[in-house]
Amino acid sequence: MIPPAFDYHRPESLDAALKLLGAHGDEARVLAGGHSLIPMMKLRMAEFAHLIDLQAIEDLRDIAVGDTIRIGAMTTQAELLDHAGLAEAAPILSEAAMQIADPQVRYMGTIGGNVANGDPGNDMPGLMQCLDATYTLAGPDGTRDVSARDFYEAAYMTAREDDEILVAISFPRHAPGYAYEKQKRKIGDYATAAAAVLIEAEGGKVKSASVAMTNLSDVPVYSEGAGAALLGTACDAAALDAAVIAMLGDIDPMEDNRGPVAFKQHVAGVILRRAIERAWKRA
Amino acid sequence: MNEMTPTREERVANLKGMGCARKRVEDARFTQGKGNYVDDVKLPGMLFGDFVRSPHAHARVKSINTEAALALPGVVAVLTAKDLEPLGLHWMPTLAGDKQMVLADGKVLFQGQEVAYVVAEDRYIAADAIELVEVEYEDLPVITDPFKALEEGATVLREDLEGQTEGAHGPRRHPNHIFLWEQGDKAATEEVIAGAEVVAEEMIYYHRTHPCPLETCGCVASMDKINGKLTLWGTFQAPHVVRTVASLLSGIAEHNIRVISPDIGGGFGNKVGVYPGYVCSIVASIVTGKPVKWVEDRMENLMATAFARDYWMQGKIAATKEGKITGLWCHTTADHGAFDACADPTKFPAGFFHICTGSYDIPVAWVGVDGVYTNKAPGGVAYRCSFRVTEAAYFIERMIEVLALRLGMDAAELRRINFIRKDQFPYHSALGWEYDSGDYHTAWDKALKAVDYEGLRREQAERLEAFKRGETRKLMGIGLSFFTEIVGAGPVKNCDILGMGMFDSCEIRIHPTGSAIARLGTISQGQGHATTFAQILASETGIPADMITIEEGDTDTAPYGLGTYGSRSTPVAGAATALAGRKIRAKAQMIAAYLLEVHDNDLEWDVDRFVVKGAPERFKTMAEIAYASYNQAIPGLEPGLEAVSYYDPPNMTYPFGAYICVMDIDVDTGEAAIRQFYALDDCGTRINPMVIEGQVHGGLTEALAIAMGQEIAYDEMGNVKTATLMDFFIPTAWETPNYTTDWTETPSPHHPIGAKGVGESPNVGGVPAFSNAVHDAFRTFGLTQAHMPHDHWRIWKVASDLGLHG
């Protein structure tokens, strides 16, 4: 539980951070809340000669709520929960953030770190895919945007280049029907299965639906088919069945201490049904 | 009497003696982060140790190359078995009569085993250096299943014992066999079972888990080469025993060893044994002449220091058609891991497992326990229970449920008709114990009434109908548990650890101004000894508890004792404390008689003073007597007011209790929500009701953890799958239900104050209550046994196997 030696940098601007990252290449890693990176370093599963702490960069903490919502990468989960405008504009974000770990972790853990690390157990990546969010990456040649649905390649592998920093997340105001449903063994655990669902209703039918699942594959799973199965329905039993079947086709869970594959598939179905039912009631 | 004179009630209240819910005096420092733990010990020039550990569960060690590690600046030494061998310290004896490698000697036998010990100038350099030690391994076949270990032709794990057909506890019938330990009458039991009207049979597995105290194990060894004294600070539940063992192993005379247990952050049995880290730190300090600190991290604690349980218990219980139990048979296969390092009294290789007839009047019984070696970590400690008593209670409380199913009888009623009756105490059990006291029927009736048991069963039946109609996916389970603990080890005539009789001790000094210090042979790890032992002394001596310092854990100052585990502090050291207090009072009476110019027999004790019989205005308070003992020449009496008592208990004590758990189980997700938990404890005389309640809450929460998710699991290669707190379940406030506590009070007839001990009862009784609730929820669908831990997927699997997922 003792990490190898590293140099610690604490730049005060994004430019300075990018320069450091450019100078040290893949020997450097940016540090946000540290709740994934530090344990991995203590276990010596990750080794970096340079840590570039982003805490002192104030520009990365802004939250802007308009038609589009833009959240600075260094915004903590606790700040997400405390922001009145966010609670009104994107209540699914609060609902999900409340289910992440415990207050101590939420005071340190950031939304940027959560989505950028590429850990399939994290809650925010799936939620961001459900919201069809866009990640803004800053690099030596300026910034570029990548869709959350295109960002994740494999566990801990993302579309971010080594010399880039994820600086912000943006997404449109979401549909009135929402739910983030998560089963976990205990506080602080990753999901056994989690589902993010957004539903817009019109005339008693589903007009649009978006479904994403967490910790059921080596990447977050945006299930286009599950959303499509709900379109035009009143979220009746047949529609739920169809959505679950579509979702099960998209996930690829692995056996671990949370249980065997069959259990995870079963629970994924149960959790998705519950999320759809709750979202539909709110739609 | 003027207005300033306190009334008798005020004097009693001022004492804060037995029965008072006195606030814990320890908490002021603990809640402010001002505790002083081993890792807080910092000495000039102190070095740090760290272990190279085996990544393999079973492998030949072909070579160890320490050159690169030694070349790292700041590395002082790297110890291997070769370095310890000339000292005879590459192996060490275990408490169970076996021996254990200190550092890998030719092979490794479990993942996480200590292979080399690096000593460096700081903790970080030590951690870097262990990566530079090059160890070449050659894999050997791994055995993690104790039944496979005993198969003919199975790989021999302990080559060092090859050819030894006799172990510390009798014959070994297989190279991987440690002992067969039997109690009771096998032939008579099997005869009863063969002729019984009803027999229920089941394999009950109590899985491997770990005490996992918040503070891990560690020590600081400091050898002073000038005066030849070794000081050893450590997380020791039995500091005096550690001193004796350290002396025997090192050859350092015992008076030249001082062992200090400072504040300990929980022990639960994990800190009873002697670990390689202690031996290596002592050797390193002797070699370098500098203090050496070693503190294991969480993964090391879970992987390498003592585990608990891992008992496969095959049971048969015989009864009449009416449910009267006629016999109990139990064969246990005990997985001890690579070395038999159980912490049990020497003559009891399976601890007090033969308390497994429980609270029931069972005329004939037999228990056989086969100890087996596997490629797992050694241990087998009493995790918040007396020695193997949780295993015993779980076994009998599951067998009762299995029998109730077989009989089609209500399990509460089955218990009631088989309880040992109040008039049968002292009761001699079929397996050889003498239960000192009990009143089981009263406790059971009180518990059932408190939860409205019949109402709960009606609700359960209604809920079941609703489930069958498809209106809910939740099943309600009612978990019953009635347990009898056996604690306070123990009588010196049959209880010892490495030859040390299991007495305990207390030494009291009363100061001239009427305050006092008392030192004991025990050591608190969170139990609140500084609070409760002062209360015993307050009641015995009349000195207010707030004016009594309790000190433990320093072998240079405390009288010899066997330490704190197995709920023995109150039954043994608590008795010594009361008796030492009585010696003080006896001398005080003589002093008072002299001062009041009356005969000793003309005085009577009144809370905090001796009063002349028939003349209440003539008295001497304990404070006045204490002062007189130091400043007056009293004919026939030595000056001062001190006493020592060493207490050899005549018998164990037998706390008991009735626990009832109600839970709602979601058959689709496997989640279990505990909606009610009622715990009635009878621990005899109650010293501090608030401390008891705290102990019960803590013990129940550990029981919850064990029953519902906590385990040390291995894969087939012998890799530990649960070595971090992500996977090893420690409940937080979020997972912990509300508990309702209650009590009856049946004092122990042989204990000076009638107290029996309580710290471990909730673990002993709690595990079957939680587990039985899970089983009960599925009872009507035909479930007889589902092994713990009852985590989500295992409960889901039960539901799935019973066809409840459509």
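Draft legend 1. Seen up close, a negative patch on the surface. Residues and elements named next belong to chain A. A cluster of acidic side chains, namely Asp 26, Glu 27, Glu 153, Glu 161 and Asp 162, defines a negative patch on the protein surface. Looking at the secondary structure, you find Asp 162 in the loop between β9 (157-158) and β10 (165-172). Among the residues examined, Asp 162 registers a relative accessible area of 49% and is labelled partly exposed.

Draft legend 2. Structural view of helix α18 (residues 689-708) of chain B. All names here are of chain B. With 20 residues, α18 extends 28 Å between its outermost C-alpha atoms, agreeing within 8% with the 28 Å of an ideal straight helix rising 1.5 Å per residue. Of all 20 residues making up α18, 14 are buried, and the element is well covered by its neighbours. Taking the backbone nitrogen of Met 690 as reference, a side-chain oxygen 2.9 Å away marks Asn 688 as the first, capping residue of α18.

Draft legend 3. Structural detail: the sheet that holds strand β15 (residues 257-260) of chain B. Residue and element names in this part refer to chain B. Strand order across the open sheet formed by seven strands is β3-β7-β1-β16-β13-β14-β15, with mixed pairing between neighbours. Edge positions in the sheet fall to β3 (75-79) and β15, since each of these pairs with one other strand and no more. Strand-to-strand twist in this sheet, taken as the mean axis angle between neighbours without regard to direction, amounts to 20 degrees. Taken together, the four bridges between strand β13 (residues 218-224) and strand β16 (residues 292-295) define a ladder with antiparallel strand orientation. Residue pairing in the sheet places Gly 218 in a bridge with Val 295 of β16. The sheet contacts of helix α5 (residues 123-130) involve β1 (47-53), β3, β7 (114-120) and β16, and relative to β1 the element is tilted by about 25 degrees. Against the sheet, helix α9 (residues 276-288) engages β1, β3, β7, β13, β14 (229-234) and β16, with an angle of about 25 degrees to β13.

Draft legend 4. Molecular detail of the domain arrangement of chain A. With domains assigned, chain A is organised as domain 1 (7-53), domain 2 (61-172) and domain 3 (177-282). Placing the centre of domain 1 of chain A and that of domain 3 of chain A at their C-alpha centroids yields a distance of 35 Å.

Draft legend 5. The pattern of salt bridges, seen in detail. According to the stated counting rule, one finds 75 salt bridges over all chains in the structure shown. One salt bridge in this structure joins Arg 273 of chain A and Asp 241 of chain A, with 2.8 Å as the shortest N-O distance. Taken together, the residues span a long stretch of sequence, with Arg 273 of chain A in helix α12 (residues 261-282) and Asp 241 of chain A in helix α11 (residues 237-250) at a distance of 32 residues. Close ionic contact of Glu 540 of chain B with Arg 582 of chain B constitutes a salt bridge, the shortest N to O distance being 3.0 Å. Separated by 42 residues along the polypeptide, Glu 540 of chain B in helix α15 (residues 529-541) and Arg 582 of chain B in helix α16 (residues 569-596) bring together distant segments of the chain. The exposure class of Glu 540 of chain B is buried, given its relative accessible area of 6%.

Draft legend 6. Representation of a nonpolar patch on the surface within the structure. Residue and element names in this part refer to chain A. Taken together, the side chains of Met 1, Leu 43 and Met 45 define a hydrophobic patch exposed on the protein surface, amounting to about 280 Å² of accessible area. Within the fold, Leu 43 resides in the loop between α2 (37-42) and β3 (50-53). According to the relative accessible area criterion, Leu 43 is partly exposed, its value standing at 33%.

Draft legend 7. Representation of the interface of chain B and chain A within the structure. With 25 residues of chain B in contact, the opposing surface of chain A contributes 24 residues. Both sides together, the interface formed by chain B and chain A hides about 2200 Å², and carbon and sulfur atoms give 58% of it. For chain B, the biggest contributors to the area lost against chain A are Met 726, Trp 793 and Trp 796 of chain B; these three give 26% of the whole. Across the contact surface, chain B and chain A share four salt bridges. Between Arg 185 of chain A and Asp 727 of chain B there is a salt bridge; the shortest N-O distance is 2.9 Å. Across the contact surface, chain B and chain A share 14 residue pairs in polar contact (both at pLDDT 80 or more). No other element matches the four residues that α5 of chain B contributes to the side of chain B that touches chain A. Here the residues of the side of chain B that touches chain A sort into 10 nonpolar, five polar and 10 charged.

Draft legend 8. Main features of the domain arrangement of chain B. Residues and elements named next belong to chain B. When the domains of chain B are assigned, the result is domain 1 (8-35 + 504-647), domain 2 (38-140 + 216-264 + 271-304) and domain 3 (307-488 + 652-801). The distance between the C-alpha centroids of domain 1 and domain 2 comes to 40 Å. With 21 residues of domain 1 at the interface, the matching set in domain 2 holds 19 residues. Buried surface at the junction of domain 1 and domain 2, both sides included, amounts to about 1500 Å², of which 49% is carbon and sulfur. Among the residues of domain 1 in contact with domain 2, Gln 525, Thr 555 and Tyr 560 are the three that bury the most area, contributing 38% of the side total. On the surface where domain 1 and domain 2 come into contact, there are three salt bridges.

Draft legend 9. Looking closely at unusual backbone geometry. In this structure, Pro 426 of chain B follows Phe 425 of chain B across a cis peptide bond, with omega equal to -5 degrees. Its place among the elements puts Pro 426 of chain B in the loop between α12 (411-418) and β21 (427-428). Phi is positive for Asp 132 of chain A, close to 55 degrees, though the residue is something other than glycine. Its place among the elements puts Asp 132 of chain A in the loop between α8 (124-130) and β6 (134-139). Positive phi outside glycine occurs at Glu 597 of chain B, with the angle close to 55 degrees. Assignment of secondary structure puts Glu 597 of chain B in the loop between α16 and β29 (603-606).

Conventions used here
- Residues numbered from 1 in each chain as written.
- Chains lettered and ligands numbered in written order.
- Predicted model: local features only at pLDDT ≥ 70, side-chain atom pairs only at ≥ 80, totals over all residues.
- Heavy atoms only, no water.
- Patch = residues over 30% accessible without salt bridge, like charges linked within 9 Å, V, L, I, M, F, W, Y side chains within 5 Å.
- Areas by Shrake-Rupley, 256 points an atom, 1.4 Å probe, with all protein chains shown as cover.
- Salt bridge = Lys/Arg side-chain N within 4 Å of Asp/Glu carboxyl O.
- Lys, Arg positive; Asp, Glu negative; His and termini not counted.
- Charge placed at Lys NZ, Arg CZ, Asp CG, Glu CD.
- Helix = DSSP H or I, 4+ residues; strand = E, 2+ residues; numbered from the N terminus.
- Buried < 20%, exposed > 50% of the residue type's maximum accessible area, 1.4 Å probe, protein only.
- Expected span 1.5 Å × (residues − 1).
- Polar contact = N/O pair within 3.5 Å; in protein donor to acceptor, adjacent residues only side chain to side chain.
- Pairing = 2+ DSSP bridges.
- Axes fitted to C-alpha atoms, helices over the stretch in contact; angles between N-to-C directions.
- Contact = heavy atoms within 4.5 Å.
- Domains from an automatic or database assignment.
- Buried area = accessible area lost by both parts, 1.4 Å probe.
- Nonpolar A, V, L, I, M, F, W, Y, C, P; charged D, E, K, R; others polar.

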